[in-house]
Amino acid sequence: MIDRIYRSTVLGVAGRKPIEQLVRTRAWGVAQRFVAGEESSTAIAAVQELAQDGILGNLDLLGEFVSSPETANTFAEQVLALQTQAAAAGIRPYVSVKLSSVGQGQTVEGADLGLTNARRIVGQAKRLGGFVCLDMEDHPRVDQTLEQFRVLVNEFGHDTVGTVLQSYLYRSEADRASLDDLQPNLRIVKGAYLEPASVAMPDKADVDASYRRLVYAHLKAGNYTNVASHDESIIQDVKHFVLAHGIPKTQFEFQMLYGIRRDLQRELAQQGYTVRAYIPYGRDWYAYFSRRIAERPANVMFVLRGMLKG
Ligand code: FDA
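Here is what the cut-offs are and how they apply
- Residues numbered from 1 in each chain as written.
- Predicted model: local features only at pLDDT ≥ 70, side-chain atom pairs only at ≥ 80, totals over all residues.
- Heavy atoms only, no water.
- UniProt positions renumbered as here; feature names shortened; annotations may be inferred.
- Helix = DSSP H or I, 4+ residues; strand = E, 2+ residues; numbered from the N terminus.
- Contact = heavy atoms within 4.5 Å.
- Buried < 20%, exposed > 50% of the residue type's maximum accessible area, 1.4 Å probe, protein only.
- Core = buried A, V, L, I, M, F, W, Y, C linked by side-chain atoms within 4.5 Å.
- Near = heavy atom within 4 Å.
- Polar contact = N/O pair within 3.5 Å; in protein donor to acceptor, adjacent residues only side chain to side chain.
- Areas by Shrake-Rupley, 256 points an atom, 1.4 Å probe, with all protein chains shown as cover.

Undergrad: Even after reading the chapter, I still don't get the UniProt feature "binding site: substrate" (unreviewed entry) in the protein chain, so can you show me in this structure?
TA: Cross-referencing UniProt, the feature "binding site: substrate" (unreviewed entry) maps to Lys98, Arg291 and Arg292 in the present numbering. Turning to its location among the elements, Lys98 is positioned in the loop between strand 2 (94-97) and strand 3 (107-108). Ignoring sequence-local partners within four residues, the contact set of Lys98 consists of Asp60, Gly63, Glu64, Asp135, Glu137, Tyr193, Tyr278 and Arg291. Among the structural elements, Arg292 can be located in helix 12 (residues 286-294). Its relative accessible area of 6% is what places Arg292 among the buried residues. Aside from chain neighbours lying at most four places away, what touches Arg292 is Phe34, Ala192, Leu257, Ile260 and Asn299.

Here is the structure:
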C-alpha cells in the first residue's frame with residue numbers, strides 16, 4: 001500500500017507541466033543513468049559494451065501515446081532504421097515497441113495504424129532474423145495489444161514477436177492462459193503504471209506472488225519466458241524452480257533495465273544464464289524516467305542531488 005502511495009505521488013507530481021519542464025532542463029545528466037543517450041548510435045554502442053560482459057540488448061526508442069498519424073509514422077520509420085542499423089553493426093535487431101507510439105487507436109484507411117506499423121516492424125524483424133517485443137502500457141490498452149499480438153504471431157510466428165504481461169493486473173493470469181495456444185514468448189513484469197485498485201493489486205506482496213505464479217505457469221506450459229525483474233528473491237526462486245522441474249536454460253532468460261543492477265546482470269551471465277538489458281534511448285525520455293523514479297524512493301534523492309549539482 002505504501003508503495004502505491006509513493007508511486008502515485010511521484011507520478012502525480014511528474015505529470016505536472018512545470019515539473020516536467022524543470023526536470024527536462026535540469027535532470028538530463030541524471031536521466032543518463034537509465035537512458036543510453038539520445039541517438040540510436042549511442043544505444044548501439046551500449047549494446048556492444050554490454051556484450052563484453054556477455055549481456056544481450058533489447059533496444060527501445062523512447063516515445064509513447066503519440067496523437068497524430070504523421071508522428072506515429074515517423075516513429076515507425078525510426079524503429080525500422082534502428083533495426084537496419086543494428087543489423088549493419090552485426091547485432092541481432094531485438095527491439096521493444098509501445099504500440100501507442102506507432103499509432104495504436106488511430107484509424108487510417110479503415111485499419112488501426114498501430115497494427116499497420118507494427119506489421120512493418122515485425123515483418124522487417126523477420127527478414128533480418130530479429131525480434132520485436134510489444135511493451136505493455138496502461139490497462140485500457142491491454143485488450144487491443146493482446147488482440148494485435150495474436151494477429152502478429154499468426155502472421156510472423158512466436159520466434160519473431162512477443163509481448164508483456166504485468167503481474168499487478170488481476171486479469172493477467174487469465175490472459176496468460178488464453179494465449180497458450182500461440183506458445184507465446186512472454187516477458188513477465190510487475191507493472192509500472194499508476195493503475196486503480198479496481199484493476200491492479202494495491203499490495204506489493206500480492207503483486208510478487210502473482211509474478212511467481214505467472215512465471216511458473218508459463219515455464220510449465222513449455223513456453224519461452226522472459227523473467228524481467230531486479231527482485232533477487234524472485235530470481236533465486238526461478239533458478240530453483242527450473243532446476244526442480246528440469247526446465248532448460250534455453251527456455252527462459254533474465255531481463256533487467258539499463259542502469260539497474262548491472263552487478264546482478266553480470267553475475268547471472270557468468271553463471272551461464274541468458275541475460276538481456278532493456279536499453280532505452282531517445283529524446284522523449286521523461287515518462288520513462290518518471291516511472292523509474294516512481295519505483296524506488298531512493299531515486300528521488302538521487303534526482304534531487306543530481307539537479308542541485310547542475
Ligand atoms: P521491485 O520493484 O520489487 O524491485 C526489486 C529491486 O530492484 C529493488 O529493491 C531495487 O533494488 C531494484 N530496483 C527496481 N526498480 C528500480 C529502479 N527504478 N531504480 C533502482 N533500483 C530498482 N513495465 C510495464 O508496465 N510494461 C513493460 O512493458 C515493462 N517492460 C519492462 C522490461 C524490463 C526488461 C524490465 C526489467 C521491466 C519492465 N517493466 C515494464 C517495469 C516493471 O513493470 C517494474 O516496474 C520494474 O521492473 C521494477 O520492478 P522489479 O520487478 O524490479 O521489482
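Picking up after the structure, the text goes on.
Undergrad: Looking at this structure, I do not really get the nonpolar core. What am I missing?
TA: As a rule of thumb, nonpolar side chains are buried together in soluble globular proteins. If you look at the biggest cluster of nonpolar residues, it comprises 76 residues, and the most contacted ones within it are Leu59 and Ile279. Counting 22 residues, the second largest nonpolar core, distinct from the first, contains Tyr6, Leu11, Val23 and Tyr288.

Undergrad: In this structure, what is going on with the site of the ligand? I would like to understand it.
TA: Taken together, 25 residues sit near the ligand, with Gly191, Lys204, Ser229, His230 and Glu295 positioned nearest. At a separation of 3.0 Å, an oxygen atom of the ligand approaches a polar backbone atom of Ala192. Protein chains shield 87% of the accessible area of the ligand, which is 930 Å² for the free molecule. Listed by contribution, the elements that provide at least two residues to the shell around the ligand are strand 6 (161-166), strand 7 (186-189) and strand 9 (252-257).

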